[in-house]
Structure formats: structure tokens, C-alpha cells
Amino acid sequence: MTDKSNDSAAPIEFIVLTPHGKAVDIRCDSVHLMLCDDETGHGGGQVGFRRGHLPAVLALGDGPADALLHGETVFHAVLHGGFASVRDNVIRVITDGSVDAGAKTDTENGN
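Structural notes, computed from the coordinates. Along every chain, residues carry numbers that run from 1 in the direction the sequence is written. Confidence filtering applies because this is a predicted model: local features only for residues at pLDDT of at least 70, side-chain atom pairs given and counted only at 80 or more, and all residues used for totals across whole chains, interfaces and linings. To get the side-chain values, take all heavy atoms of the structure and skip hydrogens and water.

With that settled, the discussion passes to the nonpolar core. For this analysis, a nonpolar core means a set of buried residues of the types Ala, Val, Leu, Ile, Met, Phe, Trp, Tyr and Cys, connected via side-chain atoms within 4.5 Å. For each residue, the accessible area found with a 1.4 Å probe, counting protein chains only, is set against the maximum for its type, and the residue is called buried under 20%, exposed over 50%, and partly exposed in between. If you look at the biggest cluster of nonpolar residues, it comprises 24 residues, and the most contacted ones within it are Phe14, Val31, Leu33, Ala67, Phe75, Ile91 and Val93. Secondary structure elements are defined from DSSP: runs of H or I of at least 4 residues count as helices, runs of E of at least 2 residues count as strands, and each element is numbered from the N terminus. Those elements giving two or more residues to this core turn out to be β1 (12-18), β2 (21-28), β3 (30-36), β4 (43-50), β5 (56-69), β6 (72-87) and β7 (90-94). The leading source of residues in this core is β6, at six residues. Contacts: residue pairs with any heavy atoms within 4.5 Å of one another. Setting aside residues up to four positions removed in sequence, Val31 forms contacts with Ile12, Phe14, Val47, Gly48, Phe49, Asp66, Ala67 and Ile91.

Encoded structure:
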């Protein structure tokens, strides 16, 4: 089985960093994250990124993080706040909470 999340032709690199180190480093063609809009970390809605997105730094709320490749989910997790940096087709998420244990990449699920 090939690892779809390591497709070197995929235009985006998605990295999630926690206090315990790098939790995720995969290739994909789109990423969806939950933003926060107020001091409670809620209310911002979801934002999506594709190749060529303008540089940005965003505050994240509690919620899902999804990476897709060719329309299939290659990563899904629930993140607990943090920040996202978007630049040069690399999306880096820094979160002080760990990635939920039930979240696994597509290859870890055996698909």
C-alpha cells in the first residue's frame, strides 16, 4: 500500500507541532482548520487552504483539522487551539494541546 499522505507531487505540506514534537508532517492538496473569533476560542468558523494561499498567521479554536488529497481525507484530528502559519504552500500549526489520540492518518487506519 502506498502512503498517499507522502505524495511528493501534492502541492501543500501540512505540519502540526505540539510540546511533544512534530505530530504530523504530510503532503496534501487542501487543509481545513477551525478559527477562533473571541477570547473564549470560539466563533470563528472554518477556513480552507489550497496551493498558492497568501501568507497568513491565524488563531485557531478548538475543532477539526482535516487534510485532503485528491478528495480523500488523509488526516483528521481535533485540535485544541493554537496558531497556524501559512507561507509558500506550507501550513504549520502550533498547538499547546496534543492531537486527539483517536485521530490517525489514512495509512495508520490501514486504508
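Still to come is the rest of the account.
The next subject is the sheet that holds β1. Any two strands with at least two DSSP bridges between them are considered paired. Taken in spatial order, the seven strands line up as β2-β1-β7-β6-β5-β3-β4 in an open sheet, and their pairing is mixed. The open sheet has two edge strands, β2 and β4, and neither has a second partner. The mean inter-strand angle of the sheet, taken between neighbouring strand axes irrespective of direction, is 30 degrees. Alignment of β3 against β5, held across five bridges, turns out to be antiparallel. Within β5, the position partnered with Ser30 by the bridge is Leu68. Lines fitted to C-alpha atoms define the axes, with helix axes restricted to the stretch in contact, and inter-axis angles between N-to-C directions lie between 0 and 180 degrees.

Right, let's talk about empty space enclosed by the protein for a bit. Both cavities and pockets are sets of points on a 1 Å grid over the protein atoms alone; in a cavity a 1.4 Å probe fits but cannot get out, in a pocket the set is open with protein on both sides within 12 Å along at least five of seven lines, and lining residues sit with an atom within 4 Å of a point. Grid points are joined across faces, edges and corners, and a volume is the space filled by probe spheres set on the points. In the structure shown here, the tally under the stated rule is one cavity of 30 Å³ or more. Roughly 40 Å³ of internal volume is contained in the largest cavity. Lining the largest cavity, in full, are Ile12, Phe49, Arg50, His53, Val86, Asn89 and Ile91. Ten residues, namely Ala, Val, Leu, Ile, Met, Phe, Trp, Tyr, Cys and Pro, are considered nonpolar, four, namely Asp, Glu, Lys and Arg, are considered charged, and the remaining ones, Gly among them, are considered polar. Looking at side-chain class alone, the lining of the largest cavity contains four nonpolar, two polar and one charged residues.

Summarising the sheet, β5 and β6 pair through 13 bridges and their orientation is antiparallel. Counted as the bridge partner of Pro64 is Val78 from β6. Taken together, β5 and the strand that follows it, β6, pair antiparallel across an intervening segment of two residues, in which His70 is found at a positive phi of about 55 degrees.

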